[in-house]
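Summary of the model geometry
If you want the building blocks of each chain, they are given just below.
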Amino acid sequence: MIDLHTHLDLYPNALDILARVNKENRFTLAVTTSPRAWLATSQVFKGHENIMVALGLHPEVADQKFSELNLLLSSIHKADFIGEVGIDGSSKYSKTLEKQELIFDSTIRECEKAGGRIISIHSRGAASKILSIIRKYPSCGTPILHWFSGSITELKEAVEMRCYFSVNSLMLKSQKGKDLASKIPSELVLPESDGPFANLNGKPIMPWEAMDICSDLSKIWNISISQSKKQMMRNFEKLNVGLPQ
Ligand SMILES: [Zn+2]
């Protein structure tokens, strides 16, 4: 099992499930919402070699956490994984759009300076903005667009740029999500839970359930579930996350 985007520190019982996540998942990318949370979570999750904590500053808290921008930028060279970062273009966050863009642009610039990073990106209502910033820094690393919900045109652009897409079960429950997923080349799809935010049947999706998308994907791709799992693992291997063997 693998999970490329989970808010593991935000599950109500995070400490109780940590050992299980580490055991069942070959790899888990635990994204954080602020650089301070990254520092704290890295300490708490230390010793769980299959769980990587990503350095983030969530666009929804761009205003509240703006004072942590320097900590974010100065920590990128020490962090192998970045996320959750991005821009949220929905009306609720329109007042902070300028700050969000400033944070995202400087983060991606810094990723390029650091030699490239794996970056988990939030792009709700802002896919075009996200893509144009990534384009400015072509050596920023490997962008993974998490829970992509843009237009087909934006999706095609992201595919041309060879961005990855982390997909969760909830996304595949809607027709729009299914349509988008059917347009992503299979070699660019990765699994995510986005738990505990993503809920299915009233329960948060767990990191060891992220690969459940393979059942829906197998229908979209017209292959068996085991073939779609293999595809997912091949995609993951290509990321070269540098796990201890
Ligand atoms: Zn998230």
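Residues numbered from 1 in each chain as written. Predicted model: local features only at pLDDT ≥ 70, side-chain atom pairs only at ≥ 80, totals over all residues. Heavy atoms only, no water.

**Description of the overall build of the chain**
Regarding its fold elements, the chain presents 9 helices and 10 strands. Scored against the burial criterion, the 245 residues of the chain give a buried share of 53%. Within the chain, residue pairs in contact and separated by at least 24 positions form 69% of the contacts whose partners lie at least 6 positions apart. Carbon and sulfur atoms make up 51% of the accessible area of the chain, which amounts to about 11000 Å² in all. Considering the chain, the positive charge centre built from 29 side chains and the negative charge centre built from 27 side chains are found 2 Å apart. (Helix = DSSP H or I, 4+ residues; strand = E, 2+ residues; numbered from the N terminus. Buried < 20%, exposed > 50% of the residue type's maximum accessible area, 1.4 Å probe, protein only. Contact = heavy atoms within 4.5 Å. Areas by Shrake-Rupley, 256 points an atom, 1.4 Å probe, with all protein chains shown as cover. Lys, Arg positive; Asp, Glu negative; His and termini not counted. Charge placed at Lys NZ, Arg CZ, Asp CG, Glu CD.)

**Regarding the coordination of the zinc ion**
In this structure, His5 (NE2), His7 (NE2), Glu84 (OE) and Asp194 (OD) serve as the protein donors to the zinc ion, at separations of 2.2 to 2.6 Å. Relative to the metal, the 4 donor atoms surrounding the zinc ion lie at angles of 81 to 166°, and the coordination shape comes out irregular. Sequence spacing among the residues donating to the zinc ion works out to H-x1-H-x76-E-x109-D. Of this pair, His5 sits in strand β1 (residues 2-6) while Asp194 is found in the loop between β8 (189-191) and β9 (199-200), placing the two residues 189 residues apart along the sequence. A relative accessible area of 5% means that Asp194 is categorised as buried. (Donors = N, O, S within 2.8 Å, 3.2 Å for Na, K, Ca; no water. Tetrahedral: all angles 85-135°; square planar, octahedral: opposite > 155°, others 65-115°.)

**Focus: the pattern of salt bridges**
One pass over the full model with this rule turns up 12 salt bridges. The partner of Arg26 in a salt bridge is Glu237, with the nearest N and O atoms 2.9 Å apart. Within this pair, whereas Arg26 is found in the loop between α1 (14-24) and β2 (27-30), its partner Glu237 is found in helix α9 (residues 225-239), the two being separated by 211 residues in sequence. According to the relative accessible area criterion, Glu237 is partly exposed, its value standing at 43%. Across the pair Glu101 and Lys129 runs a salt bridge whose closest N-O atoms are separated by 3.8 Å. With a gap of 28 residues between them, Glu101 in helix α4 (residues 97-113) and Lys129 in helix α5 (residues 127-136) connect regions that are remote in the sequence. On the basis of relative accessible area, Lys129 is assigned to the partly exposed category, the value being 35%. Look at the salt bridges and you will find they share partners, linking Glu60, Asp88 and Arg124 into a network. (Salt bridge = Lys/Arg side-chain N within 4 Å of Asp/Glu carboxyl O.)

**Looking at the sheet that holds β2**
Pairing in this open sheet of 3 strands is parallel, and the strands run β1-β2-β3 from one edge to the other. Each edge of the sheet is formed by a strand with only one pairing partner; in this case those strands are β1 and β3 (51-53). Adjacent strand axes in the sheet meet at a mean angle of 10° when their direction is disregarded. Summarising the sheet, β1 and β2 pair through 3 bridges and their orientation is parallel. In the strand pairing of β2, Ile2 is matched with Phe27. Each of β2 and β3 is contacted by helix α2 (residues 35-45), which is oriented at about 160° to β3, the strand it contacts most. (Pairing = 2+ DSSP bridges. Axes fitted to C-alpha atoms, helices over the stretch in contact; angles between N-to-C directions.)

**Examining α2**
Inspection of α2 places Pro35, Trp38, Thr41 and Phe45 among the buried residues, and these make up the whole buried set. Around the axis of α2, the buried residues are gathered within 115° of arc, so they sit on the same side. Lining the buried residues of α2 we find α1, β2, β3 and α3 (69-75). Downstream of α2 by one or two residues, Gly47 has phi in the positive range, about 95°. (Arc of directions from axis to C-beta.)

**Some details on the layout of surface pockets**
Roughly 300 Å³ of volume is contained in the largest pocket. Around the largest pocket, the lining comprises 14 residues; the ones closest to its centre are Glu60, His122, Arg124, His146 and Asp194. Class assignment of the residues belonging to the lining of the largest pocket gives a composition of 3 nonpolar, 7 polar and 4 charged. Roughly 220 Å³ of volume is contained in the second largest pocket. Taken together, 15 residues form the lining of the second largest pocket, with Trp38, Ser42, Ile51, Met52 and Val53 sitting closest to its centre. Broken down by secondary-structure element, the contributors of at least two residues to the lining of the second largest pocket are α2 and β3. (1 Å grid on protein atoms, 1.4 Å probe; cavity = no way out; pocket = protein on both sides within 12 Å on 5 of 7 lines; lining within 4 Å. Points joined across faces, edges and corners; volume = space filled by probe spheres on them. Nonpolar A, V, L, I, M, F, W, Y, C, P; charged D, E, K, R; others polar.)

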